[in-house]
Protein chains: 4
Amino acid sequence: MAGSSFGTIFRITTFGESHGAAVGAVVDGCPAGLDLCEQDIQYWLNLRRPGSSRFTTPRKEADLVHILSGTFEGKTTGTPIMLLINNETARSKDYSEIAGYYRPGHADYTYDRKYGFRDYRGGGRSSGRETAGRVAAGAVAITLLARLGIDICCYVRSIGGIEIDESRFNREEILNNPLYMPDAAAAREAEKALDLAREKGDSLGGIIECRITGVPAGLGDPVFEKLSANLAKAVCSIGAVKGFEIGSGFAAAAARGSENNDPFRAGPQGPAKASNHAGGILGGISDGSEITFRAAVKPTPSISIPQQTVNKKGEEISVSIHGRHDPVIAPRAAVVVHAMTALVLADALLLNMTSRADYIADFYKNR
Amino acid sequence: MAGSSFGTIFRITTFGESHGAAVGAVVDGCPAGLDLCEQDIQYWLNLRRPGSSRFTTPRKEADLVHILSGTFEGKTTGTPIMLLINNETARSKDYSEIAGYYRPGHADYTYDRKYGFRDYRGGGRSSGRETAGRVAAGAVAITLLARLGIDICCYVRSIGGIEIDESRFNREEILNNPLYMPDAAAAREAEKALDLAREKGDSLGGIIECRITGVPAGLGDPVFEKLSANLAKAVCSIGAVKGFEIGSGFAAAAARGSENNDPFRAGPQGPAKASNHAGGILGGISDGSEITFRAAVKPTPSISIPQQTVNKKGEEISVSIHGRHDPVIAPRAAVVVHAMTALVLADALLLNMTSRADYIADFYKNR
Amino acid sequence: MAGSSFGTIFRITTFGESHGAAVGAVVDGCPAGLDLCEQDIQYWLNLRRPGSSRFTTPRKEADLVHILSGTFEGKTTGTPIMLLINNETARSKDYSEIAGYYRPGHADYTYDRKYGFRDYRGGGRSSGRETAGRVAAGAVAITLLARLGIDICCYVRSIGGIEIDESRFNREEILNNPLYMPDAAAAREAEKALDLAREKGDSLGGIIECRITGVPAGLGDPVFEKLSANLAKAVCSIGAVKGFEIGSGFAAAAARGSENNDPFRAGPQGPAKASNHAGGILGGISDGSEITFRAAVKPTPSISIPQQTVNKKGEEISVSIHGRHDPVIAPRAAVVVHAMTALVLADALLLNMTSRADYIADFYKNR
Amino acid sequence: MAGSSFGTIFRITTFGESHGAAVGAVVDGCPAGLDLCEQDIQYWLNLRRPGSSRFTTPRKEADLVHILSGTFEGKTTGTPIMLLINNETARSKDYSEIAGYYRPGHADYTYDRKYGFRDYRGGGRSSGRETAGRVAAGAVAITLLARLGIDICCYVRSIGGIEIDESRFNREEILNNPLYMPDAAAAREAEKALDLAREKGDSLGGIIECRITGVPAGLGDPVFEKLSANLAKAVCSIGAVKGFEIGSGFAAAAARGSENNDPFRAGPQGPAKASNHAGGILGGISDGSEITFRAAVKPTPSISIPQQTVNKKGEEISVSIHGRHDPVIAPRAAVVVHAMTALVLADALLLNMTSRADYIADFYKNR
């Protein structure tokens with residue numbers, strides 16, 4: 001099954017394994033005439049790149065992106081944009097041992113069951129390295145959104161239960177600390193917890209939060225293609241994500257209708273909600289207010305604390321996984337959430353242009 | 001945008017408004033030779049049907065399904081199965097008033113923004129009545145899954161914060177109480193809370209839980225078509241759902257890797273996990289163990305407590321919504337979650353058959 | 001496999017068997033605000049309807065269409081439009097005999113091989129009756145195209161080798177004769193040939209031609225989604241169609257480049273082609289000129305002349321097929337070609353709106 | 001619009017411009033465990049490669065393919081197979097002149113109208129070079145088909161009206177002459193005609209024929225996803241193709257039913273057709289016999305004979321197109337038709353596995 005594509009009009013296809021020759025993506029359906037160069041994409045790959053702090057794997061990858069097609073004289077042409085990132089340090093020797101057993105919390109076992117065998121080098125296609133292609137493609141979507149005035153702010157809200165304090169929220173702080181948190185004090189505390197976990201050979205989970213402004217009302221479609229449903233799929237398709245909630249999310253399940261409903265007020269640009277428990281989406285369609293959601297990210301499954309597992313002969317063994325692993329996934333995953341969000345929005349923006357017969361008639365009047 | 005279809009091979013398309021002539025679904029891609037009659041589908045529609053308890057809208061709908069195509073002599077033929085449910089009591093007079101303003105927590109405003117106008121009768125396409133088509137189509141998927149030994153158990157885990165006690169879990173109890181809870185004591189407590197809320201003109205949210213057994217290992221695809229991602233989309237596409245979590249879900253975000261990883265043990269049928277924080281899916285692919293997930297459902301937005309909103313002239317007004325409304329959505333939504341889950345699994349089962357070249361060669365050897 | 005849907009944004013799903021309860025279609029993705037009533041659709045169904053002349057099957061079907069969803073106060077709402085046509089005269093006794101053998105030129109054998117059995121009543125899903133759903137859905141597309149000034153003229157060009165004379169082309173004549181030909185003299189001659197064929201228990205094939213004006217330049221996409229490729233698929237998906245050619249078609253294969261190229265001239269609205277061997281499409285994209293194509297339709301396979309075939313026991317038998325059959329398919333198929341053409345164009349029109357970043361920015365500037 | 005993907009389960013996405021950095025394809029949904037190396041693909045790229053005879057453009061391209069992902073230890077892994085072909089000789093200076101005007105018979109004008117500008121170097125994405133990605137991807141499909149015993153024979157049937165003689169049909173001859181014809185005498189005659197055309201600065205069209213054996217009965221789906229409809233789309237999506245016909249094709253339009261129907265005979269493996277006017281497909285589904293179709297290919301539009309056209313200022317000018325151009329497209333296009341045919345069949349083979357509930361139950365019985 002062709003599972004490596006995402007989107008309907010603005011559609012990407014990613015490829016590549018952790019220790020293969022390259023990873024990357026083809027972006028098809030990007031509108032023509034968008035200014036785009038490799039630096040636009042490189043910026044986001046650098047944010048996702050391993051080796052940038054003591055909390056990310058020391059694997060060294062320049063992650064240099066090459067645009068091999070789809071642009072001409074600095075602009076997109078409307079044809080597929082091929083984004084290639086060569087893998088530089090594929091240290092296969094590190095991974096030969098894991099060929100023989102199933103790492104807990106990884107996809108080793110399920111890939112073997114589905115495909116009969118697996119590329120065991122660094123997790124192959126199930127590696128987090130797969131997300132480099134998503135981020136490269138997402139950067140193209142971000143460029144399109146920026147032109148339309150849409151801004152995505154994505155960050156780590158909590159790590160191992162240590163949460164940011166809303167009153168200290170500072171967007172600029174996100175890039176100042178290695179944990180991608182918008183609160184310096186919370187980040188310092190989380191760093192201590194992470195250092196402690198790593199000393200013990202353990203890892204921590206976290207929560208990513210995303211806020212999007214500038215989204216016009218009307219994006220998303222009724223029933224199955226709700227904007228919220230597509231955000232849920234996009235976010236839950238990221239390897240370590242175990243949960244998704246929009247607006248009040250799970251808290252809404254314990255609330256009363258009178259608390260959870262957002263009253264409408266008369267505003268200068270028309271009706272506006274007085275609160276935002278809905279998270280910016282009503283009936284699956286954007287309402288013009290801020291869109292907010294959160295994603296739960298599990299702790300890194302690769303830990304050096306000994307764990308019980310089974311080898312391919314069916315024998316129970318104890319394994320201790322060493323190598324180049326982040327003790328926390330959430331900070332780098334936040335960049336991936338950002339990219340996936342941009343892809344969902346770009347596609348929804350294009351799809352929404354065909355919702356009304358009068359708009360279509362206007363569009364074609366002079367063409 | 002064609003947003004009313006779901007699935008790739010086993011694909012459904014739903015249609016219908018709350019107060020139009022009919023609702024229903026076309027199921028395309030259902031394999032031939034499956035025993036199917038109207039009673040198989042009616043059973044699930046009856047579970048979802050309004051008017052069955054004091055916690056559901058007193059709207060009377062027989063919700064009788066008619067199979068208009070796709071079966072012959074009691075078996076599916078491989079061609080589209082058309083499932084039609086006529087709307088009987090479309091009391092449009094109840095709704096004429098709401099044409100002029102935007103109900104908080106509803107899709108009135110976003111539909112107007114997207115489409116320029118809306119079918120305001122009972123919420124039109126954004127009404128919960130849309131889910132009758134999903135349930136009818138889902139019943140076909142359930143029939144296919146049953147033949148393969150796959151069992152879905154879906155129920156209400158909590159209402160307004162009142163949660164079931166795992167030690168009292170009794171599957172048969174689910175159909176014994178009006179709240180679809182597998183714990184009679186919790187159901188009684190929740191009923192009291194609901195009566196109290198309704199007296200005040202208010203409503204409550206809840207959490208739905210789903211457990212699936214008998215799923216073979218290997219379903220789902222890497223990257224974007226993870227089984228978990230498709231379950232997330234399926235569940236978050238249901239009107240009132242605000243969150244989704246699989247396995248440990250949001251709790252995993254506060255856990256350590258050594259807690260959250262599931263060790264493998266040697267079992268009689270091969271490797272088996274000693275715990276199930278993963279919720280039965282590793283790397284997006286089913287691992288053969290129980291699949292578990294939860295969905296957060298918001299409280300019914302239609303409440304009679306006065307709320308502030310804006311009318312189409314832009315004036316702020318106070319509204320009190322009377323009419324036929326459930327004080328809680330979760331119990332009836334649980335049937336919809338069940339249906340959507342079946343649809344995701346049926347599609348994944350069909351897609352997975354093509355994952356290996358040797359299986360394909362075997363399949364065609366004598367055909 | 002879900003084979004009964006067509007289109008990406010403007011997407012239809014048809015259903016129904018020849019002798020089931022009903023046939024019809026769901027149109028999803030139709031823009032909101034389009035004036036649409038049942039008469040708009042009925043007009044086209046009447047053109048396709050059996051029983052209207054001595055060259056069509058005497059089966060009596062009113063083919064009355066009911067819009068069960070997707071419109072409100074005479075306008076489309078943007079939600080799925082359900083079009084239902086009840087089957088009235090399902091004379092199953094006529095067909096019970098054919099259950100036991102494979103009719104030459106029909107799909108009996110292949111359905112049995114694919115699905116293990118078949119709905120043998122009147123050909124089931126493989127019957128030409130399936131096209132009623134296409135025509136109903138196509139009528140919605142035609143309504144959208146009309147609003148944009150796009151005109152499709154579709155007719156029978158030849159029957160049994162008897163071809164229209166271009167110099168006598170008269171569009172109004174198409175509806176004046178039972179053979180849907182724009183040349184009264186050719187129609188009279190073809191009628192004679194058909195009468196002769198029918199007397200002998202035989203049937204004739206024909207060629208359908210289609211000319212489309214008012215199509216803006218820019219529709220269609222490079223590579224696989226060429227407008228010409230989608231027209232080819234649309235037309236070749238109609239039961240009896242055996243060939244498709246655009247512009248000069250097969251004649252181009254015997255031509256020289258200097259003959260086949262269309263020179264550009266300077267025109268009042270920009271460049272215009274001095275000839276149209278291309279058929280209005282260059283590189284898969286409409287060039288703003290008339291689009292022209294032809295389809296080859298085979299003779300009706302149901303003939304009363306005895307034919308050799310095999311029954312389900314594997315015995316060779318001779319069969320003579322009596323019943324309600326047209327001696328020629330092309331005239332009624334021309335209405336289906338018209339409908340499919342409209343569906344391809346409607347979808348291409350919507351898809352093309354997202355081709356340029358500046359258009360997208362314009363669209364969202366004030367929304 | 002994402003127009004560069006083809007297929008549902010076995011799905012490819014191509015990319016690349018004539019004078020960009022690279023062309024290629026991503027193959028997603030290829031089953032795991034298939035033996036595949038670069039030579040398997042290179043063989044087909046070499047057949048398509050320019051510069052191999054005096055009738056192909058003298059442009060020199062090694063067209064070396066690199067598999068960058070999706071295989072491990074010589075086998076496909078079930079993950080996307082990335083096939084990269086670097087462009088070596090991108091002589092942009094040859095093409096700078098054509099930036100200013102619209103070449104007759106090319107997509108220059110329509111790309112400008114659709115996208116606002118174009119990559120004018122060698123035709124950019126509309127160049128025949130785009131087909132290298134199709135052929136590379138098609139080679140993967142051919143490898144899968146070979147394992148299942150399916151054989152495709154594709155060749156040039158006629159050039160400039162000079163047709164092969166069926167009695168001299170010799171499959172091995174196809175690779176012996178530069179025109180890809182299975183009849184040495186016809187090839188010699190066609191060579192002379194081509195030499196003559198080229199001397200005059202002109203070009204010739206041709207017809208490609210395809211015969212496929214070993215296809216199991218049951219491939220393809222009713223209504224829109226007929227095997228014949230997908231072949232039509234696949235073939236008509238190739239740049240210069242102007243027509244498609246299956247089996248008797250356009251000849252069927254002039255035939256009687258008694259001539260065109262294929263009687264069934266009792267055969268050792270069940271019913272078999274005594275003739276094959278149907279071309280191996282009945283009701284859109286393969287019947288187990290040979291599949292045959294033809295494609296009409298227009299003459300090369302780039303000719304050195306002066307032609308009238310219009311420049312971007314709107315002025316009429318006369319142009320004479322020199323450079324590296326084949327005087328006939330059909331021979332190289334035959335390799336592309338072969339590749340596209342393989343892609344359609346591979347996808348249909350995978351899709352057909354889910355057609356029957358009993359087959360599905362069998363498949364999962366022990367998994």
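Residues numbered from 1 in each chain as written. Chains lettered and ligands numbered in written order. Predicted model: local features only at pLDDT ≥ 70, side-chain atom pairs only at ≥ 80, totals over all residues. Heavy atoms only, no water.

Colleague: Would you take a moment to explain the pairing of strand E4 (residues 65-69) of chain C for this structure?
Modeller: Working note: regular strand, side chains alternate between the two faces of the sheet. Residues and elements named next belong to chain C. Among the five residues in E4, four count as buried, and that is most of the element. Taken together, the four bridges between E4 and strand E7 (residues 81-86) define a ladder with antiparallel strand orientation. Following the sheet pairing, His66 is matched in E7 by Leu84. (Buried < 20%, exposed > 50% of the residue type's maximum accessible area, 1.4 Å probe, protein only. Helix = DSSP H or I, 4+ residues; strand = E, 2+ residues; numbered from the N terminus. Pairing = 2+ DSSP bridges.)

Colleague: What am I meant to see in the packing of helix H1 (residues 38-48) of chain C against helix H7 (residues 330-352) of chain C here?
Modeller: Each pair of packed helices can be summarised by the angle the axes make with each other and by the distance between the axes. Residues and elements named next belong to chain C. Viewed as axis vectors pointing N to C, H1 and H7 meet at an angle of 150 degrees, and their least axial separation amounts to 8 Å. Of the residues in H7, those touching H1 at Trp44, Leu47 and Arg48 are Arg332, Val335, Val336 and His338. Each residue belonging to the contact of H1 with H7 can be placed in one class, and the counts come to four nonpolar, one polar and two charged. (Axes fitted to C-alpha atoms, helices over the stretch in contact; angles between N-to-C directions. Contact = heavy atoms within 4.5 Å. Nonpolar A, V, L, I, M, F, W, Y, C, P; charged D, E, K, R; others polar.)

Colleague: What should I look at first to understand the interface of chain B and chain A in this one?
Modeller: By convention, interface size is frequently given as the accessible area that disappears when the constituent parts associate. With 104 residues of chain B at the contact, the number on the chain A side is 103 residues. Across the chain B to chain A interface the summed buried area is about 8300 Å²; carbon plus sulfur atoms make up 62%. Sorting the residues of chain B by area buried against chain A places Met1, Lys114 and Phe224 of chain B first, and these three jointly supply 11% of that buried surface. If you look at where chain B meets chain A, you find six salt bridges. When the shortest N-O distance is used, the salt bridge between Asp221 of chain A and Lys114 of chain B registers 3.9 Å. Summed over the shared surface of chain B and chain A, the number is 45 residue pairs in polar contact (both at pLDDT 80 or more). (Buried area = accessible area lost by both parts, 1.4 Å probe. Salt bridge = Lys/Arg side-chain N within 4 Å of Asp/Glu carboxyl O. Polar contact = N/O pair within 3.5 Å; in protein donor to acceptor, adjacent residues only side chain to side chain.)

Colleague: What is the right way to read the sheet that holds strand E2 (residues 11-16) of chain D from this model?
Modeller: Residues and elements named next belong to chain D. With respect to topology, five strands assemble into an open sheet ordered E1-E2-E3-E7-E4, the strand pairing being antiparallel. On the outer flanks of this sheet lie strand E1 (5-6) and strand E4 (65-69), each paired with one strand and no other. Note that E1 and E2 share two bridges and pair antiparallel. Each bridged residue has a counterpart across the sheet, and for Ser5 the counterpart in E2 is Thr13. Along the sheet face, helix H1 (residues 38-48) touches E4 and strand E7 (81-86) and points at about 140 degrees away from the line of E4.

Colleague: For this particular structure, what's the right way to read the pairing of strand E3 (residues 22-28) of chain B?
Modeller: Residue and element names in this part refer to chain B. Along E3, seven of the seven residues are buried, which leaves the element largely enclosed by surrounding structure. The alternating pattern of E3 places Ala22, Gly24, Val26 and Asp28 on one face and Val23, Ala25 and Val27 on the opposite face, and all of these are buried. Here strand E2 (residues 11-16) pairs with E3 via six bridges, running antiparallel. By the bridge assignment for E3, Phe15 is matched with Gly24. In textbook terms, the turn of a hairpin is the stretch between consecutive antiparallel strands, and for E2 and E3 this stretch comprises five residues. Both E3 and strand E7 (residues 81-86) contribute to a ladder of six bridges, which runs antiparallel.

Colleague: Would you mind showing me how to read the interface of chain D and chain B here?
Modeller: Taken together, the contact pairs 27 residues of chain D with 27 residues of chain B. Among the residues of chain D in contact with chain B, Met353, Thr354 and Tyr364 of chain D are the three that bury the most area, contributing 26% of the side total. At the junction of chain D with chain B, the criterion picks out zero salt bridges. Looking at the side of chain D that touches chain B, the elements with two or more residues in it are helix H7 (330-352) and helix H8 (357-365) of chain D. Here the element with the most residues in the side of chain D that touches chain B is H8 of chain D; it accounts for seven residues.

Colleague: Explanation requested: the sheet that holds strand E2 (residues 11-16) of chain C in the structure shown.
Modeller: Within a sheet, adjacent strands bond to each other through the backbone by hydrogen bonds, running parallel or antiparallel. Residue and element names in this part refer to chain C. Here five strands make up an open sheet; going across it, the order is E1-E2-E3-E7-E4 and the pairing antiparallel. Only two strands of the sheet have a single neighbouring strand rather than two, namely strand E1 (5-6) and E4. In the packing of H1 onto the sheet, the strands contacted are E4 and E7, and the crossing angle to E4 comes to about 140 degrees.

Colleague: Whenever I open this one, the side chain of Glu225 of chain A confuses me. Can you help?
Modeller: Here Glu225 of chain A lies in the loop between strand E10 (206-213) and helix H5 (227-236). Once residues lying within four places of it in the same chain are set aside, the contact partners of Glu225 of chain A are Gly220 and Asn230 of chain A together with Met1, Ala2, Gly3, Ser5 and Lys233 of chain B.

Colleague: I would appreciate a short explanation of the packing of aromatic side chains in the present structure.
Modeller: Aromatic rings considered in pairs are described by the distance between their centres and by the relative angle of their planes. Enumeration according to the criterion identifies 46 aromatic pairs over all chains in this entry. Ring centres of Tyr120 of chain A and Phe72 of chain D lie 5.2 Å apart, and the angle between their planes is 90 degrees; this geometry places the pair in the edge-to-face category. Placement of Tyr120 of chain A in the loop between helix H2 (108-115) and helix H3 (131-147) and of Phe72 of chain D in strand E5 (residues 71-72) is noted, with the two residues assigned to different chains. Assessed through its relative accessible area of 7%, Phe72 of chain D is described here as buried. One aromatic cluster in this structure is built from Tyr102 and Tyr109 of chain A together with Phe264 of chain B. A cation sits over an aromatic face here: Lys114 of chain B above Tyr115 of chain B, 6.0 Å from the ring centre. (Phe/Tyr/Trp six-rings, centres within 6.5 Å; stacked < 30°, edge-to-face > 60°. Lys NZ or Arg CZ within 6 Å of the ring centre and 35° of its normal.)

Colleague: What should I look at first to understand the confidence of the model for chain A in this one?
Modeller: Detailed reading of the predicted model is not advised wherever pLDDT is low. Residue-level pLDDT values for chain A average 94, and 96% of them are 70 or greater. In the predicted assembly, ipTM is 0.97 and pTM is 0.97. (pLDDT = per-residue confidence, 0-100.)

Colleague: Just checking my understanding: could you explain the pattern of salt bridges for this structure?
Modeller: When their charged atoms lie close together, side chains carrying opposite charge are able to pair. This structure, assessed with the given rule, holds 112 salt bridges over all chains. Taking the shortest distance from any N to any O, the salt bridge between Arg121 of chain D and Asp119 of chain D comes out at 2.8 Å. Taking the shortest distance from any N to any O, the salt bridge between Arg198 of chain D and Asp195 of chain D comes out at 3.1 Å. Pair noted here: Arg198 of chain D and Asp195 of chain D are both in helix H4 (residues 184-199), with a separation of three residues, about one helical turn. We classify Arg198 of chain D as partly exposed; its relative accessible area is 34%. Through salt bridges with shared partners, one network takes in Arg157, Glu163, Glu166, Glu209, Arg211, Glu245 and Arg294 of chain A.

Colleague: When you look at the relation of the copies chain D and chain B in this model, what are you seeing that I'm missing?
Modeller: Two chain copies here: they are related by a rotation about an axis and a translation along the same axis. When chain D is fitted onto chain B, the two copies agree to an RMSD of 0.0 Å after a turn of 180 degrees and an axial shift of 0.0 Å. Taken together, the rotation and translation describe the operation of a two-fold axis. Identified as the residue of chain D closest to the rotation axis by C-alpha distance is Met353 of chain D, at 3.6 Å. The residues that chain D uses at the interface reappear at the interface of chain B in 100% of cases, marking a shared surface. (Least-squares fit on C-alpha atoms with pLDDT ≥ 70 in both.)

Colleague: Explain the relation of the copies chain B and chain A to me, please; I cannot follow it from the model alone.
Modeller: Superposing chain B onto chain A takes a rotation of 180 degrees plus a shift of 0.0 Å along the axis, which leaves an RMSD of 0.0 Å. By residue overlap, the copies meet face to face through one surface: 99% of the interface positions of chain B are interface positions in chain A.

Colleague: How should I be thinking about unusual backbone geometry in this particular structure?
Modeller: Negative phi characterises most residues that are not glycine, and trans characterises most peptide bonds. Positive phi outside glycine occurs at Tyr180 of chain A, with the angle close to 60 degrees. Notably, Asp63 of chain C is not glycine yet its phi reads approximately 55 degrees, a positive angle. Take Asp63 of chain C: it is sitting in the loop between H1 and E4.

Colleague: I'm lost on helix H2 (residues 108-115) of chain C in this one. Help?
Modeller: Because each turn of an α-helix spans 3.6 residues, side chains separated by three or four positions in sequence point in the same direction. Most of H2 of chain C sits inside the fold, with seven of its eight residues counted as buried. Residues of H2 of chain C that are buried include every one of Asp108, Tyr109, Thr110, Tyr111, Asp112, Lys114 and Tyr115 of chain C, and no others. Buried residues along H2 of chain C sit in contact with strand E12 (264-267), strand E13 (270-273), strand E14 (281-282), strand E15 (285-286) and H7 of chain D. Looking one or two places after H2 of chain C, you find Gly116 of chain C, whose phi comes out positive at around 90 degrees.

Colleague: Would you mind going over the environment of Val241 of chain B with me for this structure?
Modeller: Residues and elements named next belong to chain B. Mapped onto the elements of the fold, Val241 is located in strand E11 (residues 241-246). Its relative accessible area of 6% is what places Val241 among the buried residues. Separated by 58 residues in the primary sequence, Val241 and Pro299 place their C-alpha atoms 9.7 Å from one another. Residues within four places of Val241 in sequence aside, it is in contact with Val235, Cys236, Ala295, Ala296 and Val297.

Colleague: Sorry if this is basic, but what is going on with the state of the cysteines here?
Modeller: When the sulfur atoms of two cysteines share a covalent bond, that bond is a disulfide. All names here are of chain A. Enumeration over the complete set of coordinates arrives at zero disulfides over all chains. No disulfide involves Cys37; its nearest neighbouring cysteine sulfur is the one of Cys30, lying 13 Å away. The exposure class of Cys37 is partly exposed, given its relative accessible area of 31%. (Disulfide = S-S within 2.5 Å.)

Colleague: It is not clear to me how H1 of chain C should be interpreted in this structure. Could you clarify?
Modeller: Residues and elements named next belong to chain C. All of the buried residues in H1 are Ile41, Gln42, Trp44, Leu45 and Arg48. Around the axis of H1, the buried residues are gathered within 165 degrees of arc, so they sit on the same side. Where H1 is buried, its residues touch E4, E7, helix H3 (131-147) and H7. (Arc of directions from axis to C-beta.)

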